[in-house]
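So the chains spell out like this:
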Amino acid sequence: MGCIKMFFTSYPFSIQVESKSLHTVHIIESFDLQLFAGEKTEEATPKRKEEARQKGQVAKSMEINSVFVIVAAFLTLKVIGSYLYDQLAGYMKFIFSNLVLDDFTITSVQHVFIGFSIVFLKTALPVMCVIVVVALFINFMQVGFAFSLEPLMPNFDKINPLSGFGRLFSKRSLVELSKSLLKIAIVGGFVYRFMMKQTKQVPTLISSELIDSLHLTASLILDLVFNISTVLFILAVFDYMYQWWENQESMKMSKEDIKQEYKQAEGDPQLKGKIKERQRAMAMQRMMQDVPKADVVVTNPTHFAVALKYDQNMLAPVVVAKGQNLIAQKIKDLAKEHKVPVVENKMLARALYAGVEISQPVPHELYQAVAEVLAYVYKLKKRLL
């Protein structure tokens with residue numbers, strides 16, 4: 001028969017089994033509790049989330065941006081397609097009908113370049129403006145207003161080959177690769193099915209006039225884009241959910257992180273304790289400095305002592321010092337040293353100590369008792385004089 005002994009020490013601790021017959025010790029298992037203290041298992045605090053947001057660490061899916069930008073661009077093309085066609089066709093007619101009749105000079109080249117720039121602005125600028133507005137709006141809807149220059153700051157770790165190799169085979173890179181392959185497979189299969197259904201339109205394109213062929217081609221392209229966008233939007237929703245989950249996981253904190261944040265927000269308990277201790281010492285020093293100025297010290301006589309002061313400018317007597325036990329003894333010693341009268345009144349001393357703070361006037365219900373004590377003190381002083 002063997003006996004089991006458990007030895008608990010400060011981290012790490014072990015569970016050991018000791019055998020009397022064999023005189024050997026077998027270590028069953030050993031745990032290091034510091035490993036568990038560092039695990040990031042706690043949800044991020046509001047302060048941590050705000051700090052991450054200021055650094056640009058927010059949940060955002062680029063897939064959603066891409067889908068809405070593509071849809072906005074092709075919708076714009078569909079709405080102003082005839083306008084764009086008229087602008088381009090009109091300029092091409094102008095070039096082919098006038099450029100061959102003029103001498104090819106620097107002036108004519110300048111005219112062609114200026115005319116091309118104007119046409120480019122008329123055709124491309126509306127589409128570009130729509131794309132920019134939609135991209136900004138979708139970003140704002142995802143993350144709100146968050147301006148941060150930290151992601152643009154130079155980071156030499158990004159050009160480190162070893163760090164780059166680690167990022168290449170990191171979990172995030174593998175997830176992004178899997179998402180890309182999945183998107184290519186789904187979209188590719190969808191495009192293939194769409195094109196197979198539209199193969200019967202090819203003979204129509206060959207035998208149609210140019211303008212009709214262009215209209216039919218544009219119609220097919222727009223149908224294909226909108227159908228693909230629907231598929232991409234569904235994938236983008238799942239991608240945003242994943243990005244949000246990953247962002248929440250990356251901001252998780254350990255119990256030690258939360259403790260440190262609490263200390264920073266509330267202040268170090270040891271430092272706060274020292275500050276309070278110093279404040280009490282300063283308050284005690286000021287209180288003791290006021291004892292010699294008091295008119296009378298009312299005592300319990302051993303447990304409580306309250307120093308009172310009164311002059312004609314006061315509405316009521318004021319408590320300038322009070323204490324219990326050792327502090328009460330110090331007040332009495334200081335009063336005797338400076339010849340301040342000490343009067344024993346147990347009930348009044350207890351009532352003043354419990355009900356009146358330092359520098360506060362005596363309450364109305366204690367006026368009579370305090371007045372009797374002050375009257376006694378004044379009579380005593382007159383006799384001495």
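Quick caveat, the model's predicted, so the values are computed rather than measured. (Residues numbered from 1 in each chain as written. Predicted model: local features only at pLDDT ≥ 70, side-chain atom pairs only at ≥ 80, totals over all residues. Heavy atoms only, no water.)

J.: Sorry, what's going on with the side chain of lysine 332 here?
T.: Considering the arrangement of structural elements, one finds lysine 332 in helix α12 (residues 326-337). The side chain of lysine 332 is buried and forms no salt bridge, while aspartate 333, the nearest opposite charge, is found at 7.0 Å. If near-sequence neighbours (up to four positions away) are discounted, lysine 332 is found in contact with Thr299, Pro301, Thr302 and Ala305. (Helix = DSSP H or I, 4+ residues; strand = E, 2+ residues; numbered from the N terminus. Buried < 20%, exposed > 50% of the residue type's maximum accessible area, 1.4 Å probe, protein only. Lys, Arg positive; Asp, Glu negative; His and termini not counted. Salt bridge = Lys/Arg side-chain N within 4 Å of Asp/Glu carboxyl O. Contact = heavy atoms within 4.5 Å.)

J.: Would you explain the packing of aromatic side chains in this entry?
T.: Each aromatic ring pair is summarised here by two numbers: the centre-to-centre distance and the angle between the ring planes. Applying the stated criterion to the full structure yields 5 aromatic pairs. Here tyrosine 242 and tryptophan 245 contribute two aromatic rings whose centre-to-centre distance is 6.1 Å and whose plane-to-plane angle is 35°, an arrangement assigned as tilted. Placement of both tyrosine 242 and tryptophan 245 in helix α9 (residues 210-250) is noted, with a separation of 3 residues, approximately one turn of the helix. By relative accessible area, which is 40% here, tryptophan 245 ends up partly exposed. Note that lysine 322 overlies the ring of tyrosine 353, its terminal NZ or CZ placed 5.1 Å from the centroid. (Phe/Tyr/Trp six-rings, centres within 6.5 Å; stacked < 30°, edge-to-face > 60°. Lys NZ or Arg CZ within 6 Å of the ring centre and 35° of its normal.)

J.: Mind showing me how you'd approach the pattern of salt bridges here?
T.: Two side chains with opposite charge may pair up if their charged atoms get near one another. Scanning the entire structure with this criterion turns up 4 salt bridges. Lysine 322 is paired through a salt bridge with glutamate 357; the nearest N and O atoms lie 3.9 Å apart. You can see lysine 322 sitting in strand β6 (residues 318-324) and its partner glutamate 357 sitting in the loop between α13 (346-355) and α14 (367-384), a full 35 residues away along the chain. In this structure lysine 322 comes out as buried when scored by relative accessible area, which is 14%.

J.: When you look at a nonpolar patch on the surface in this model, what are you seeing that I'm missing?
T.: A contiguous nonpolar surface patch, about 550 Å² in accessible area, is contributed by Phe68, Phe233, Ile234, Val237, Phe238 and Met241. Of the residues forming the nonpolar patch, the biggest block, 5 residues, is contributed by α9. Residue position: phenylalanine 68 is located in helix α3 (residues 62-79). (Patch = residues over 30% accessible without salt bridge, like charges linked within 9 Å, V, L, I, M, F, W, Y side chains within 5 Å. Areas by Shrake-Rupley, 256 points an atom, 1.4 Å probe, with all protein chains shown as cover.)

Function cannot be inferred from these measures alone, as they are strictly geometric.
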